[in-house]
Each structure stands twice: as structure tokens, then as C-alpha cells.
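Take a look at the letters that make up each chain.
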Amino acid sequence: NGIDVLLKEVNQKFLEGGMQRVAANLMSSVKKGRMTKEKYEQCMSRLKGTITYEGFDRADMVIEAALEDIGLKQKIFAELEQVCRKDCILSTNTSTIDINVVGAKTNAINRIIGNHFFSPAHVMKLLEIIKTDSTDKQVILDTIAFGKAIKKVPVVVGNCTGFAVNRVFFPYTMAACLLVDLGAD
């Protein structure tokens, strides 16, 4: 789809593992006849790996996908604010953490948004785009366009507990657990 990707990891071992996972996922598409070898090679040529923030000054959008740890995400976003352009969209792949909390240690809350990819991300089509009251409208529009460009189905949702899908999923799970506790089989 013509999008350059810079994959950052915390160390070389994790970076190599991530690069290998991307290559394996794409090669699976080649083996299944959904992608040509030429397209595979084009995609891989657009993927670069790093363990530093070098090159982030050229990014249009950053999608953070760290563990669901508020302190870690806030640290990453503070670092991103320092190394990225002032118009770079700063996005988190959190599935539950309040987007305002993720961006609380920055002065960039107007360009922070959630991009919740469902697992496995290379297969699942749904993309929850989580906006806050402070997210610029252009950031939302650009994020929707990005979602469509990567062949996802973008759904814009508000910044609330569980967003949309998990907000519906949690009560269903609790009801199922209650039924089991009551002896249903």
C-alpha cells in the first residue's frame, strides 16, 4: 500500500523477532496465493528496523504498541513528543487505557489518538479509532484515511472504558461467568 514503516523495539533481539514475524506473516500470504513474491519484496523493502528514535523526525504517524502499562506508555509519548514533528499523529494501540491518561505527560494532547488493532492485527479488519475531546478533527480524518489505506474497517469511538468492542465484551464475559457460578453448563 506504499506506506513506509519504521519498527522500533527496545533491543536488538526483540527487533529481530518483530522483523521475522512481519516477514513470516507476509510470506504466509504468498504461500496462500494472496500476495505475489514481488509484492512481498516491495513490502519488506518499506520496512526498516531500529532500536533508537532515529528517523522518527520524518514520521507522519507513530503507533505505540507497548505493554498495557500506563507509566511506560506515558514515558514513550513524552519521548515521542521530543523526537517527532509537531504535526506527527501520536497514536496508541491500547485496548483499555484512557487516551487522555496516555498523553497526560505531553503538550501534544490535540494530536494523540487511539488506534486499537484487534489480534491478530494482520488478519482482523476492525480498527477502533479512539478520539478524545481534545483530538483535532484533522487528526481523526487522517487516522480514518490511514485505516482505510491499510485495508481496515475504521470505526471512530469515544474515549470511555473499554471503548466500543471491549465495553460490550466485558458484560457478556461477566454474564457467562455468573452462569457458570450458578451451575449452568
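On a predicted model such as this, the values are computed, not experimentally measured, just so you know. (Residues numbered from 1 in each chain as written. Predicted model: local features only at pLDDT ≥ 70, side-chain atom pairs only at ≥ 80, totals over all residues. Heavy atoms only, no water.)

K.L.:
If you had to explain the overall build of the chain to someone new, which residues and values would you point to?
P.N.:
Helix and strand counts for the chain stand at six helices and seven strands. Walking the chain from its N terminus toward its C terminus, one meets helices and strands in the order β-α-α-β-β-α-β-α-β-β-α-β-α. Viewed in the frame of its principal axes, the chain has a C-alpha envelope of about 55 × 45 × 30 Å. Looking at the 185 residues of the chain, the share that counts as buried comes to 32%. In the chain, 63% of the contacts between residues at least 6 apart in sequence involve partners at least 24 apart. Here the chain contributes 24 positive and 21 negative side-chain charges, whose respective centroids are spaced 6 Å apart. (Helix = DSSP H or I, 4+ residues; strand = E, 2+ residues; numbered from the N terminus. Buried < 20%, exposed > 50% of the residue type's maximum accessible area, 1.4 Å probe, protein only. Contact = heavy atoms within 4.5 Å. Lys, Arg positive; Asp, Glu negative; His and termini not counted. Charge placed at Lys NZ, Arg CZ, Asp CG, Glu CD.)

K.L.:
Go over unusual backbone geometry with me, naming the residues and quoting the values.
P.N.:
Residues other than glycine seldom take positive phi values, yet Lys 151 does so here, at roughly 65°. Take Lys 151: it is sitting in the loop between helix 5 (137-149) and strand 7 (153-158).

K.L.:
Could you give an account of the pairing of strand 6 (residues 126-131), with specific residues and numbers?
P.N.:
Sheet analysis places strand 5 (residues 112-117) next to strand 6, joined by four bridges and oriented antiparallel. In the sheet register, Asn 115 faces strand 6, and the bridge partner there is Ile 129. Pairing of strand 6 with strand 7, which is carried by six bridges, proceeds in the parallel orientation. Across the sheet, residue Lys 131 finds its bridge partner in strand 7, namely Gly 158. In this region the chain leaves strand 6, passes through helix 5 and returns to the parallel neighbour strand 7; the handedness of that crossover is right-handed. (Pairing = 2+ DSSP bridges. Right-handed = clockwise from strand over helix to strand, strands pointing away.)

K.L.:
Any details on the pattern of salt bridges? Residues and values, ideally.
P.N.:
Applying the stated criterion across every chain, the model contains seven salt bridges. Between Asp 57 and Arg 58 there is a salt bridge, and its shortest N-O distance comes to 3.7 Å. Exposure remark for Arg 58: the relative accessible area of 63% places this residue in the exposed category. With its nearest N and O atoms 2.9 Å apart, the salt bridge here joins Arg 85 to Asp 60. Of this pair, Arg 85 sits in the loop between helix 3 (70-83) and strand 4 (89-92) while Asp 60 sits in the loop between strand 2 (47-50) and strand 3 (61-64); the two residues are 25 residues apart in sequence, bridging distant segments of the chain. Taken together, the salt bridges that share partners define one network made up of Asp 60, Arg 85 and Asp 87. (Salt bridge = Lys/Arg side-chain N within 4 Å of Asp/Glu carboxyl O.)

K.L.:
So, the side chain of Thr 92: which residues are in play, and what are the values?
P.N.:
Considering the arrangement of structural elements, one finds Thr 92 in strand 4. A distance of 2.4 Å separates the side chain of Thr 92 from the side chain of Glu 64, its partner in a polar contact. Leave out the neighbours within four places in its chain, and Thr 92 touches Glu 64, Lys 73, Phe 77, Ile 99, Val 102, Ile 113, Gly 114 and Asn 115. (Polar contact = N/O pair within 3.5 Å; in protein donor to acceptor, adjacent residues only side chain to side chain.)

K.L.:
How would you explain the sheet that holds strand 3 if you had to name every residue and give the values?
P.N.:
Strand order in the open sheet formed by five strands is 3-4-5-6-7, and the pairing between neighbours is mixed. Strands at the two margins of the open sheet, each flanked by one partner only, are strand 3 and strand 7. Across this sheet, the average inter-strand angle for adjacent strands is 30°, counted without regard to direction. Bridge count for strand 3 against strand 4 is four bridges, and the pairing is parallel. Bridging across to strand 4, Val 62 finds its partner in Leu 90. The strands that helix 3 touches are strand 3, strand 4 and strand 5; relative to strand 4, the one it contacts most, it runs at about 165°. (Axes fitted to C-alpha atoms, helices over the stretch in contact; angles between N-to-C directions.)

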